[in-house]
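# Secondary and tertiary structure notes
Read off the chains here:
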Amino acid sequence: MTLIDTHCHLHSAHEFFPDPDAELLRVREAGVDTVIAIGTDPSDWQRALEFSDRNTGVYVALGWHPTHVSDFEIDQLAELRVFLAHPNVVALGEIGLDFHWDYTTPEQQMAALIPQLDLAAELDLPVVFHARKATAALLDVLETRPPHPYLFHCFAGDEADADRATALGCYFGVDGPVTYKKSEDYRQLLKRIPLDRLVLETDSPYLSPEPVRSKPNSPANLPLINVKMAALLDLSIEEAARQFTDNAVRFFRLESRA
């Protein structure tokens with residue numbers, strides 16, 4: 001049984017993991033043989049790529065996180081285009097909208113989002129989204145665009161959002177909060193999403209699952225999320241791992257990378 005962590009920041013979490021390569025060994029011992037490292041701005045892209053170059057089974061998604069776009073200029077897309085040409089890049093992201101924090105304005109976020117969506121379409125790269133208190137607004141944008149492979153990292157929308165995203169063929173990332181006692185509404189929401197559109201992720205070092213919620217998160221904790229999802233969906237642990245792994249391979253087109 002193997003698992004894929006479709007969203008982590010292990011390469012940049014030096015406060016918690018000063019040697020991410022060493023932590024990756026523990027991750028693999030836990031049965032997680034593939035991780036997607038997320039580069040969130042130009043200063044982070046090179047770190048993510050260097051991490052992937054040093055370690056097999058590490059792929060990368062790169063983009064401007066919506067809270068990091070205060071200095072975004074349209075001519076910087078040329079730099080992103082160069083980074084996206086790296087053979088270990090499997091997606092553009094995480095990009096999107098975040099109306100929770102006020103580090104950047106909605107106008108700044110939208111000015112960075114649209115050209116990145118255009119670039120992903122031009123390069124035929126899947127897109128990983130960050131949407132916080134902004135899922136409906138992001139869906140408003142996507143519903144005006146041609147179909148494209150989209151993944152909502154740490155999906156936090158409501159039932160209407162889930163239905164709209166499902167109609168667009170989107171994938172949904174499931175994180176540690178699915179294990180929290182107070183997340184029953186979230187668990188029921190996940191049950192209405194097609195099984196072949198769910199993938200697992202840790203967002204490490206954030207969103208640690210129970211029973212390690214008080215500690216920095218690691219991709220090594222992904223099996224805890226798989227166990228919870230298996231119980232929720234009435235699957236065996238092995239069936240769940242196989243399904244979520246197949247979904248991740250399909251979305252990120254990892255078969256061609258083997």
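Calculation criteria
- As a convention, each chain's residues are numbered from 1 in the sequence order in which they are written.
- For a predicted model such as this one, the threshold for reporting local features is a pLDDT of at least 70, and the threshold for listing and counting side-chain atom pairs is 80 or more; totals across whole chains, interfaces and linings nevertheless cover every residue.
- For side-chain calculations, the full set of non-hydrogen atoms in the structure is used, while hydrogens and water are omitted.
- In this analysis an axis means a line fitted to C-alpha atoms, helices contributing only their contacting stretch, and an angle means the value between N-to-C directions, from 0 to 180 degrees.
- The helix count covers DSSP runs of H or I at least four residues long, the strand count covers runs of E at least two residues long, and both are numbered beginning at the N terminus.
- These descriptions rest on fixed angle ranges, namely under 35 degrees for roughly parallel, over 145 for roughly antiparallel, 65 to 115 for roughly perpendicular, and the rest for oblique.
- Any two residues having at least one pair of non-hydrogen atoms within 4.5 Å are treated as being in contact.
- Ten residues, namely Ala, Val, Leu, Ile, Met, Phe, Trp, Tyr, Cys and Pro, are considered nonpolar, four, namely Asp, Glu, Lys and Arg, are considered charged, and the remaining ones, Gly among them, are considered polar.
- Each reported salt bridge corresponds to a side-chain nitrogen of Lys or Arg within 4 Å of a carboxyl oxygen of Asp or Glu.
- Under the scheme applied here, a residue whose accessible area is under 20% of the maximum for its type counts as buried, over 50% as exposed, and between as partly exposed, the area being computed with a 1.4 Å probe on protein chains only.
- Pairing of aromatic rings covers Phe, Tyr and Trp, the last through its six-membered ring, and needs centres within 6.5 Å; plane angles under 30 degrees mean stacked, over 60 mean edge-to-face, and all others mean tilted.
- Definition used: whenever NZ (Lys) or CZ (Arg) falls within 6 Å of the ring centre and also within 35 degrees of the ring normal, the charge is taken to sit over that ring.
- Pairing between two strands is assigned when DSSP locates at least 2 bridges connecting them.
- Here, the term right-handed applies to a crossover whose path from the first strand over the helix to the second runs clockwise when the strands point away from the viewer.

The subject of this paragraph is the packing of helix H8 (residues 222-232) against helix H9 (residues 237-252). Two elements in contact, H8 and H9, have axes separated by 9 Å at closest approach and are oriented at 110°. Viewed along their axes, H8 and H9 adopt a mutual orientation that is roughly perpendicular. Residue-level contacts link Asn226, Val227, Met229 and Ala230 of H8 to Ile237, Ala240, Ala241 and Phe244 of H9. Across the contact of H8 with H9, the residue classes tally to 7 nonpolar, 1 polar and no charged.

Further remarks concern the pattern of salt bridges. The full count for this structure, using the stated rule, is 13 salt bridges. A salt bridge links glutamate 184 to arginine 187; the shortest N-O distance between them is 3.1 Å. Here glutamate 184 pairs with arginine 187, and both are found in helix H7 (residues 184-190), just 3 residues apart, close to one helical turn. You can call arginine 187 buried: its relative accessible area is 7%. In this structure, the salt-bridge partner of glutamate 210 is arginine 213, at a minimum N-O distance of 3.8 Å. Of the residues examined, glutamate 210 reaches a relative accessible area of 34% and is grouped as partly exposed. Look at arginine 213 and you get partly exposed, because its relative accessible area is 45%. Counted as one network, the salt bridges with shared partners bring together Asp140, Glu143 and Arg164.

Another aspect to go through is the packing of helix H2 (residues 42-54) against helix H3 (residues 77-84). Their axes nearest at 11 Å, the elements H2 and H3 cross at an angle of 10°. In terms of axis orientation, H2 runs roughly parallel to H3. Together, Pro42, Trp45, Gln46 and Leu49 of H2 and Glu79, Leu80 and Phe83 of H3 make up the contact between the two elements. Each residue belonging to the contact of H2 with H3 can be placed in one class, and the counts come to 5 nonpolar, 1 polar and 1 charged.

Further remarks concern the packing of aromatic side chains. This model, assessed by the stated rule, comprises 10 aromatic pairs. Judged by centre distance (5.1 Å) and plane angle (40°), the ring pair of phenylalanine 129 and tyrosine 150 falls under tilted. In this pair, phenylalanine 129 is assigned in strand S5 (residues 127-132) and tyrosine 150 in strand S6 (residues 150-152), connecting sequence segments 21 residues apart. According to the relative accessible area criterion, phenylalanine 129 is buried, its value standing at 0%. Between phenylalanine 251 and phenylalanine 252 the ring centres are 4.9 Å apart and the planes differ by 90°, which places this aromatic pair in the edge-to-face class. Taken as a pair, phenylalanine 251 and phenylalanine 252 share a single burial class, namely buried. Taken together through their ring pairs, the aromatic side chains of Phe129, Tyr150, Phe152, Phe155 and Phe172 make up a single cluster. Positioned over the ring face of tyrosine 180 is arginine 213, at 3.5 Å from the centre of the ring.

We now examine the pairing of S5. Across the 6 residues of S5, 5 count as buried, placing the element largely inside the fold. As judged from the 5 bridges shared by strand S4 (residues 89-98) and S5, these two strands associate in the parallel manner. Looking across to S5, one finds that leucine 92 is bridged to valine 127. In this fold, the crossover linking S4 to S5 by way of helix H4 (residues 106-123) has right-handed handedness. Inspection of the sheet shows S5 paired to S6 by 3 bridges, in the parallel sense. Each residue of the ladder has a partner; that of valine 127, found in S6, is tyrosine 150. In this fold, the crossover linking S5 to S6 by way of helix H5 (residues 135-142) has right-handed handedness.

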